[in-house]
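# Analysis of the macromolecular model
For reference, the chains in residue letters:
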Amino acid sequence: RKYACFSPHIYRPNMFDQVKSGGHGMAPGFSSTVGILISMTQFSDITYDESTTNVTVGAGCLWEQVYSQLIPYKRNVVGGSATQGVGVAGWLLGAGYSLKSSRYGLGIDHVVEFEIVTPDGRVRTVNKDTEKKLFQALRVSHAAQADRRL
């Protein structure tokens, strides 16, 4: 497994650091942040579990990668655009509005588990059974962020 590790020595107060999951933007290859840009592109594993029909997707994946990995299984997901480098994690942070949403709901509605690193440095698997409150907070906070941007 790959986890991002950050040194407390590089933290600078009042800097606006950003995390980039994909590459969707008006100026590819450039950043609009004055702080540190953390690229998640190395977190790009995609696995499909035929027994549960769940897809595990790394935070650095693009939707076009996810779709192409699912073709052999004749499966699809409620996801973002397959063009222009739309990242999975960033898309889900906006609740995941899709062309399929009117029929199947938002992308965030289909997330069954998160694997996160909390501020105390612990890797946690968060789902409705193991960490119910944190799981709900992650799902609701994403939708709330999207509502504030509308």
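Bear in mind that the values here come from a model prediction, so they are computed numbers and not experimental data. (Residues numbered from 1 in each chain as written. Predicted model: local features only at pLDDT ≥ 70, side-chain atom pairs only at ≥ 80, totals over all residues. Heavy atoms only, no water.)

This part takes up the side chain of R139. Looking at the secondary structure, you find R139 in helix α4 (residues 132-149). Beyond its immediate stretch of four places on either side in the chain, R139 contacts I108, D109, V111 and F114. (Helix = DSSP H or I, 4+ residues; strand = E, 2+ residues; numbered from the N terminus. Contact = heavy atoms within 4.5 Å.)

It is worth spelling out the packing of aromatic side chains at this point. Scanning the entire structure with this criterion turns up 4 aromatic pairs. Geometrically, the ring pair formed by Y48 and Y73 is tilted, given 4.5 Å between the ring centres and 40° between the ring planes. In this pair, Y48 sits in strand β3 (residues 46-49) while Y73 sits in the loop between α1 (63-70) and α2 (88-93), placing the two residues 25 residues apart along the sequence. Put simply, the rings of W63, Y67 and W91 pair up and form one aromatic cluster. (Phe/Tyr/Trp six-rings, centres within 6.5 Å; stacked < 30°, edge-to-face > 60°.)

The next subject is the side chain of T118. Relative to the assigned elements, T118 resides in the loop between β5 (113-117) and β6 (123-127). Classification of T118 by relative accessible area gives buried; the value is 10%. (Buried < 20%, exposed > 50% of the residue type's maximum accessible area, 1.4 Å probe, protein only.)

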